[in-house]
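Take a look at the letters that make up each chain.
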Amino acid sequence: MIRVVLTRFAWTLVILLGVSFVAFMLMRALPGDFAIAAAGSQSVSPEVLDAIRRDLGLDRPLLEQYFLWLGHALTGDLGRSFVTKQPVLSELPARFVVTFQLTLIAAIIAMTMGIATGLASARMRGRTDWFVRIYNGLILAVPNFVVATLIVLLAGLYFPQLSIFNYTPFLSDPIANLGSLLLPAFSLALAVSVTISENTRAAVLEISSQDFVMVARAKGLLPRTVLRNYLVRNALTPIITVTGLQVASLLGGSILVETIFAIPGMGQYLFDSINSRDYPVIQAIVVLAASVVILVNMLVDIAYARVDARVKA
Amino acid sequence: MSTVRAMVDTAGSQNPPADKRQRLTNGQLLLGLGIAMLAVLIIVTVFAPLIAPFDPSKTSPNSLAGPSAQHWLGTDSIGRDVLSRLIVGGRTTLLITAVAVFLALAAGLVLGLLSGYLGGMVDEIIMRVLDVVFAFPVFLLAIAVVAALGPTVPNLILTIAIVYTPAMARVVRGPVLSVKEWDHVEAARSVGVSELRLVLRHVLPMVISPIVVATSLTLSHTIFTVTALSFLGLGPPPPDPNWGGMLSEARQFMELAPLTVVGPATAIVFATLTFIVLANGLREVLDVGSWR
């Protein structure tokens, strides 16, 4: 077990280094001079540009620049925004909390919907199964930003009294905060719930055909007991794994959904930075989000190995 | 109604053997529906300039008009015909999608065949490198690359091709690993067939089914990535229309002209659904489930 954890951990470190290196190289591959981009205008005197180059370490070899940048990033210095000239880290944590909250609510909605429809589909079969699978197939084709845009459109057309754009911070009013995040979280959760539903269905069907479930039924346990103690309990492992692996899709989707619902999270920050070409901020957000996804995937793997004795590396 | 049942009958259900013929028919119907939808997409894309009733970039004072006999889907905020923009915009979106997936497929085929067939160190090195790329969240990586290199059509195609290559290589490698041990490959080798010919004539044809299904699914994912990037402002530059960009632009005035949003939304969903239906039909007809 320790071996599995250590191997997985070392591998994760390698991938994180890869991510940081790619993010660093991309910002150096920008078309044009990085110093001019940092200065924010074309008409800067050569002396000022030289000062910026020295300041950012652009006059050193590339690999040295990378390790300098990495060292700074690890100690919490992610550079300064080109636009506001403030440290990126002064803005990012507050944004991250908002996105984290949105993603968490979306994950809860997705799991509830996915497990409910998946279980219904696998247990009732027949018409219910049909309906759920058609619904899943159709919903899978609707991207989260389309769902979000259509929700905003419908709300605007038919419920103009509903103000869906007023995001309330959690600390000022927790209830209103939850309310303002419910629709965005739902549009984020819809596609993810389909994946969870399909996997729940497959897992429950597979387990219910196994001998120990037949024995449980044969010895006269109540269907309810079999469902709870045998089917759901065993299907939970693959379901949680799948949900964990959907973090990438939730975080990626939050970029789009936050932009549409005007939620001041990391995604909206990224969108604004893309439009103002604020490269240090783009870089920081991509590295942070990618690291979160990679770390969650690692935790899912390790948890899976711990639960399932069959996984041995 | 039978297409409906076909979707229900995919993976996981335990059909008695007597159902075999029935299932095949349903799979064929699903595949037929997919091909019909694909034909619509292709015809509209190829003949876009002929079909589009107006010049998609031509503005007019008649802005945000509702649907009329002249403008079936109305006009956008600067008076351009929404239907024409949808038809022509599909070209950009689907072209990027198709070329990117084709490149990812080609790269994935080469890497997957090399890795699976040669095995050993080659396999180890290729797969480890691809694992690193695979561990990157696709959408975030695409945002970073396109934001840095600039949102041009070639950059979009290249970025998307790179992020989907590892998945394609994995799909190819898996079945190759087992097929290369099969008797007919051994027999061909014993009569002195060259290695290259072995791979191309005796291994590749046996693994084509899962690749076709995976390609169709990847196409549906790629449409999401392309339209989502365009939606964020990282799509092909204006004034050429594209679906993601249209959806994003239309949001400002959508309550005045809902069709400016509903149009591109429907187009994106239709194109995605086409490849999902196609993938499910192909999976049934080619019986890919029994591969694992």
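Residues numbered from 1 in each chain as written. Chains lettered and ligands numbered in written order. Predicted model: local features only at pLDDT ≥ 70, side-chain atom pairs only at ≥ 80, totals over all residues. Heavy atoms only, no water.

(A) How the structure looks around the overall build of chain A. The secondary structure content of chain A amounts to 13 helices and 0 strands. Each helix and strand of chain A, ordered N terminal to C terminal, gives the series α-α-α-α-α-α-α-α-α-α-α-α-α. Principal axes of the C-alpha set define a box for chain A whose edges measure 85 × 60 × 35 Å. A burial count over chain A gives 46% of its 313 residues as buried. (Helix = DSSP H or I, 4+ residues; strand = E, 2+ residues; numbered from the N terminus. Buried < 20%, exposed > 50% of the residue type's maximum accessible area, 1.4 Å probe, protein only.)

(B) Region of interest: the interface of chain B and chain A. Each side of the interface is counted separately: chain B has 44 residues, and chain A has 50 residues. Taking both partners together, chain B and chain A bury about 4,100 Å²; carbon and sulfur atoms supply 81% of that area. On inspection of chain B and its partner chain A, the count reaches 0 salt bridges. At the surface where chain B touches chain A, the tally comes to 0 residue pairs in polar contact (both at pLDDT 80 or more). If you list the elements that add at least two residues to the side of chain B that touches chain A, you get α1 (2-8), α5 (120-135), α6 (138-149), α10 (208-234) and α12 (259-285) of chain B. (Contact = heavy atoms within 4.5 Å. Buried area = accessible area lost by both parts, 1.4 Å probe. Salt bridge = Lys/Arg side-chain N within 4 Å of Asp/Glu carboxyl O. Polar contact = N/O pair within 3.5 Å; in protein donor to acceptor, adjacent residues only side chain to side chain.)

(C) Examining the UniProt feature "domain: ABC transmembrane type-1" (unreviewed entry) in chain B more closely. Under the feature "domain: ABC transmembrane type-1" (unreviewed entry), the UniProt entry names residues 90-279 of chain B. When the span residues 90-279 of chain B is considered, its composition is 83% helix and 0% strand, and the gap between its end C-alpha atoms is 21 Å. (UniProt positions renumbered as here; feature names shortened; annotations may be inferred.)

(D) Local environment of the environment of A:Ala94. With respect to the helices and strands, A:Ala94 occurs in helix α5 (residues 92-124). Taking the C-alpha atoms as reference points, A:Ala94 and A:Pro264, 170 residues apart in sequence, are found 8.9 Å from one another.

(E) Broad picture of the UniProt feature "transmembrane region" (unreviewed entry) in chain B. Residues and elements named next belong to chain B. Taking the UniProt record as the reference, the feature "transmembrane region" (unreviewed entry) is found at residues 29-52, 94-117, 129-149, 155-172, 207-236 and 256-282. Secondary structure within residues 155-172 divides into 100% helix and 0% strand; the distance between the first and last C-alpha atoms comes to 26 Å. Measuring from the first to the last C-alpha atom of residues 207-236 gives 35 Å, for a span that is 90% helix and 0% strand.

(F) Looking closely at the packing of aromatic side chains. Residues and elements named next belong to chain A. According to the stated counting rule, one finds 10 aromatic pairs over all chains in the structure shown. Centroid distance phenylalanine 24 to tryptophan 69: 5.7 Å. Interplanar angle 40°. Geometry classified as tilted. Here phenylalanine 24 is found in helix α1 (residues 2-28), whereas its partner tryptophan 69 is found in helix α4 (residues 62-74), with 45 residues between them in sequence. Like phenylalanine 24, the residue tryptophan 69 is buried in the burial classification. (Phe/Tyr/Trp six-rings, centres within 6.5 Å; stacked < 30°, edge-to-face > 60°.)

(G) Region of the structure containing α5(B). Residues and elements named next belong to chain B. The end-to-end C-alpha separation of α5 is 22 Å, in line with the 22 Å expected for 16 residues at 1.5 Å each. Along α5, the positions that sit buried rather than exposed are Asp123, Ile126, Met127, Leu130, Asp131 and Ala135. For α5, the buried positions fall inside an angular range of 155° around the axis, keeping them on one side. In this structure, α5 carries Met121 and Val129 as exposed residues pointing more than 90 degrees from its buried face. (Expected span 1.5 Å × (residues − 1). Arc of directions from axis to C-beta.)

(H) Structural detail: the domain arrangement of chain A. All names here are of chain A. For chain A, the domain assignment lists domain 1 (2-74) and domain 2 (93-307). Inter-centroid distance (C-alpha atoms) of domain 1 to domain 2 is 33 Å. Taken together, the contact between domain 1 and domain 2 spans 13 residues of the former and 12 residues of the latter. Summed over both sides, the interface of domain 1 with domain 2 buries roughly 1,200 Å², with 83% coming from carbon and sulfur. (Domains from an automatic or database assignment.)

(I) Structural view of the pattern of salt bridges. All chains considered together, the criterion is met by 12 salt bridges over all chains. Among the salt bridges present, the one from A:Arg8 reaches A:Asp301, with a minimum N-O distance of 2.6 Å. Of the two residues, A:Arg8 is situated in helix α1 and A:Asp301 in helix α13 (residues 279-307); the sequence distance between them amounts to 293 residues. Residue classification places A:Asp301 among the partly exposed positions, given a relative accessible area of 36%. With its nearest N and O atoms 3.1 Å apart, the salt bridge here joins B:Glu124 to B:Arg128.

(J) Here's a closer look at the confidence of the model for chain A. When pLDDT is averaged along chain A, the result is 83, and 94% of the positions lie at 70 or above. Helix α2 (residues 34-39) of chain A is the least confidently modelled element of chain A, averaging 69 in pLDDT, while α5(A) averages 91, the highest of any element. (pLDDT = per-residue confidence, 0-100.)

(K) Spatial organisation of the packing of α5(A) against helix α8 (residues 174-208) of chain A. Residues and elements named next belong to chain A. Across the interface, α5 lies against α8 with an axial gap of 4 Å and an inter-helix angle of 35°. Both α5 and α8 take part in a crossing whose hand is right-handed. Tallied by class, residues from the contact of α5 with α8 come to 23 nonpolar, 10 polar and 2 charged. (Axes fitted to C-alpha atoms, helices over the stretch in contact; angles between N-to-C directions. Left-handed = near helix turned anticlockwise from the far one by under 90°. Nonpolar A, V, L, I, M, F, W, Y, C, P; charged D, E, K, R; others polar.)

(L) Region of interest: the nonpolar core. Counting residues in each nonpolar core, the largest one holds 148 residues, and the members touching the most others are A:Phe145, A:Val146, A:Phe261, B:Ile143, B:Leu229, B:Trp243 and B:Leu247. No fewer than three residues from each of domain 1 (2-74) and domain 2 (93-307) of chain A sit in this core. If sequence neighbours within four positions are ignored, A:Val146 has contacts with B:Leu247, B:Ala265, B:Ile268 and B:Val269. Listed in part, the 6 residues of the second largest apolar core include A:Ala23, A:Phe24, A:Trp69 and A:Leu70. (Core = buried A, V, L, I, M, F, W, Y, C linked by side-chain atoms within 4.5 Å.)

(M) Main features of empty space enclosed by the protein. For the structure shown, the criterion picks out 3 cavities of 30 Å³ or more. Approximately 60 Å³ is the volume found for the largest cavity. A:Val19, A:Val22, A:Ala23, A:Leu26, A:Val286, A:Ala290, B:Phe136, B:Pro137, B:Leu140, B:Leu141 and B:Ala144 together form the lining of the largest cavity. Those elements that provide at least two residues to the lining of the largest cavity are α1 and α13 of chain A together with α6 of chain B. Ranked by residues supplied to the lining of the largest cavity, first place goes to α1(A) with 4 residues. Among the residues forming the lining of the largest cavity, the class breakdown is 11 nonpolar, no polar and no charged. Here the second largest cavity defines a volume of roughly 40 Å³. Looking at the second largest cavity, the residues that line it are A:Thr99, A:Leu251, A:Ser254, A:Ile255, A:Met266, A:Gly267, A:Leu270, A:Ile285, A:Ala289 and B:Leu140. The residue inventory of the lining of the second largest cavity, partitioned by class, reads 7 nonpolar, 3 polar and no charged. (1 Å grid on protein atoms, 1.4 Å probe; cavity = no way out; pocket = protein on both sides within 12 Å on 5 of 7 lines; lining within 4 Å. Points joined across faces, edges and corners; volume = space filled by probe spheres on them.)

(N) Local environment of unusual backbone geometry. Residues and elements named next belong to chain A. One non-glycine residue, arginine 125, lies in the positive phi region at around 50°. A positive phi angle is found at alanine 262, which is not glycine, with a value near 55°. Mapped onto the elements of the fold, alanine 262 is located in the loop between α11 (247-261) and α12 (266-275).

(O) Focus on the environment of A:Ala110. Residues and elements named next belong to chain A. Following the sequence through the fold, alanine 110 ends up in helix α5. Exposure remark for alanine 110: the relative accessible area of 1% places this residue in the buried category. Those residues in contact with alanine 110, other than ones at most four positions away along the chain, are Ala189, Val192, Ser193 and Ile196.

(P) Examining a nonpolar patch on the surface more closely. Residues and elements named next belong to chain B. On the surface, a nonpolar cluster with roughly 590 Å² of combined accessible area is contributed by Ile42, Ile43, Val46, Phe47, Leu50 and Ile51. Residue assignment for the nonpolar patch shows that the elements contributing at least two residues are α2 (20-46) and α3 (48-51). Ranked by the residues each element gives to the nonpolar patch, the list is headed by α2, at 3 residues. Phenylalanine 47 sits in the partly exposed class, given a relative accessible area of 43%. (Patch = residues over 30% accessible without salt bridge, like charges linked within 9 Å, V, L, I, M, F, W, Y side chains within 5 Å. Areas by Shrake-Rupley, 256 points an atom, 1.4 Å probe, with all protein chains shown as cover.)

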